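# Observations on the model geometry
What follows is each chain in one-letter form.
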Amino acid sequence: MNRPPPAVLHTPGFPHYGLAWSPFHSNRIALASSANYGLVGNGRLHLASLGPGPGGVPALTLDKFYETQDGLYDVAWSEIHENQLVSASGDGSLKLWDVMINDLPIRAWHEHTREVFSVDWSNISKDQFISSSWDGTVKLWTPERPRSITTIHAHPSCVYQALFSPHQPDVIATCSTDGTLKLFDLRAPAYTPSAPGANNFTTPLTVAALTVPASGTEVLSVDWNKYRPFVLASAGVDRAIKVWDCRMVQLGPDAAQNPAVGGACETQLLGHELAVRKVQWSPHRADMLASAGYDMTCRVWTTTPPPGGKQLLHIHDPHTEFVIGCGWSLYEEGVLASCSWDCRLNVFRV
């Protein structure tokens, strides 16, 4: 079957790290990017829109961009203000932008001591967002306050991603260099007792409601299923995408009193040839997810193939460098965007 070619936006000199579809405008996409692959130099926040191009074929247009002093690693749209979005930066800062205002952010926060690697806006408590950083912490913010509301010492090393549960406002999931996926209840902040020889005063760790030993190596991405509460997907350096049933977790104010280790691996999706950098469940189907990897592909999977059918539904392979991000359109089922170190944003239909 001949698929139409993807709509493409090229941003020369600025490889991409993350993308986000607007929750308010069906055709608007934000792109976080960094010069020199994020190793050194400045960043750029691109705002693009998808519309009819020549001959009615969908095309991407660059509407505007913002320059930043350090590379950008992630971006998230506000859930309360259609024109605002927050970016995560390599200098440890978070910036809030308004697309109606040129050049400069309308607010900035700087508490993380290392690169901020992910940012996520709550779709339940719509005035809150969280960030995760190489400093091992996750911070909870609201745009109106000059400082963070809460800091969670989530992992002893880099927290690649932190995401709000789409079903419960106080629950977040994190993944890390340490090979674990963790669930935290924001209502039950408590610190773990010091291990022998460890000093909790200098290296505290917040108690997780559930710790999932997801991999023997780095877990680079995690996502919540949008239809099945406490089902998550993880992916990382081991090239496998794993689906976890975490329903045994105990939540509430007493979550810190009985932390659990576990999580049942429901299924593994195998096929990526190198590390998987991003995984995201479909907003429209409980069984479908997309992944992006260092093998230069973006892939689409089903967790419930028909008897004799395959889990892998589609491979998108026009990219010529690592595919770092992918994201489903929130409005149009089956429309997926991918972004890459080849400085190209692709939007295509699965």
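Residues numbered from 1 in each chain as written. Predicted model: local features only at pLDDT ≥ 70, side-chain atom pairs only at ≥ 80, totals over all residues. Heavy atoms only, no water.

### Details of the environment of Trp-244
Basically, it comes down to this: Only DSSP runs of H or I with at least four residues qualify as helices, and only runs of E with at least two residues qualify as strands; both kinds are numbered from the N terminus onward. The buried label applies to any residue whose accessible area, calculated with a 1.4 Å probe on protein chains only, is under 20% of its type's maximum; exposed applies above 50%, and partly exposed to all values in between. It only takes one pair of heavy atoms within 4.5 Å for two residues to be counted as in contact. Any pair of N or O atoms that falls within 3.5 Å is considered a polar contact. Within protein, one atom must be able to donate a hydrogen and the other to accept it, and sequence-neighbouring residues count only if both atoms are side-chain atoms.
Inspection of the secondary structure assignment puts Trp-244 in strand β20 (residues 241-245). A residue is classified by how much of its surface remains accessible, and Trp-244, at 6% relative accessible area, is buried. In the structure, Trp-244 is positioned 19 residues away from Asn-225 in sequence and 9.9 Å away in space, judged by C-alpha atoms. Those residues in contact with Trp-244 that sit more than four places away from it in its chain are Leu-181, Val-212, Pro-213, Ala-214, Phe-230, Val-231, Leu-232, Ser-234, Gly-263, Ala-264 and Cys-265. At 2.9 Å, the side chain of Trp-244 and the side chain of Ser-234 are in polar contact.

### Focus: the packing of aromatic side chains
Note the following rule: Two rings from Phe, Tyr or Trp (for Trp, the six-membered ring) form a pair when their centres sit within 6.5 Å of each other. Planes less than 30 degrees apart are called stacked, planes more than 60 degrees apart edge-to-face, and all others tilted.
Going through the model one piece at a time under the given rule, you end up with 13 aromatic pairs. Ring centres 5.9 Å apart and planes at 50° place the aromatic pair Trp-109 and Trp-141 in the tilted group. Of this pair, Trp-109 sits in strand β9 (residues 107-110) while Trp-141 sits in strand β12 (residues 137-141), placing them 32 residues apart in sequence. Pair check on accessibility: Trp-109 and Trp-141 agree, each one buried. Ring geometry for Phe-129 and Trp-141: centres 6.4 Å apart, planes at 15°, overall stacked. A residue pair is termed long-range when its members are at least 10 positions apart, and Phe-129 in strand β11 (residues 129-133) and Trp-141 in strand β12 qualify at twelve residues.

### Notes on the pattern of salt bridges
What counts here: Salt bridge, as used here, is a side-chain nitrogen of Lys or Arg placed within 4 Å of a carboxyl oxygen of Asp or Glu.
Enumeration over the complete set of coordinates arrives at 13 salt bridges. Here Glu-79 ties to Lys-126 by a salt bridge, and the two come within 3.5 Å at their closest N and O atoms. Highlighted residues: Glu-79 in the loop between β6 (72-77) and β7 (84-89) and Lys-126 in the loop between β10 (116-121) and β11, separated in sequence by 47 residues. Classification of Lys-126 as partly exposed rests on a relative accessible area of 35%. Salt bridges here are not isolated pairs; linked through shared partners, they connect Asp-170, Asp-185 and Arg-187.

### Things to note about the sheet that holds β7
Adjacent strands of a sheet form backbone hydrogen bonds with each other and so pair up, either parallel or antiparallel. Filter applied, for reference: Whether two strands pair depends on DSSP finding at least two bridges between them. With axes taken as lines fitted to C-alpha atoms, and helix axes fitted only over the stretch in contact, angles between N-to-C directions fall between 0 and 180 degrees.
With antiparallel pairing, four strands are arranged side by side in an open sheet as β6-β7-β8-β9. Taken across any chain shown, the strands that pair with only one partner, and hence form the sheet edges, are β6 and β9. Looking at each pair of strands side by side, their axes are set apart by 20° on average, direction ignored. Here β6 runs beside β7; their pairing, made up of five bridges, is antiparallel. Within the sheet, the bridge partner assigned to Trp-77 lies in β7 and is Leu-85.

### As for a nonpolar patch on the surface
Going by this rule: Patches draw on residues past 30% relative accessible area with no salt bridge. Two like charges within 9 Å are joined, as are two nonpolar side chains (Val, Leu, Ile, Met, Phe, Trp, Tyr) within 5 Å. Methods summary: accessible areas were calculated by the Shrake-Rupley approach with a probe of 1.4 Å, and residue burial reflects only the protein chains presented.
Taken together, the side chains of Phe-24, Leu-330 and Tyr-331 present a nonpolar region at the surface, about 280 Å² in accessible area. With respect to the helices and strands, Tyr-331 occurs in the loop between β27 (323-328) and β28 (335-340).

Note that all results are geometric; they support no functional claim without further evidence.
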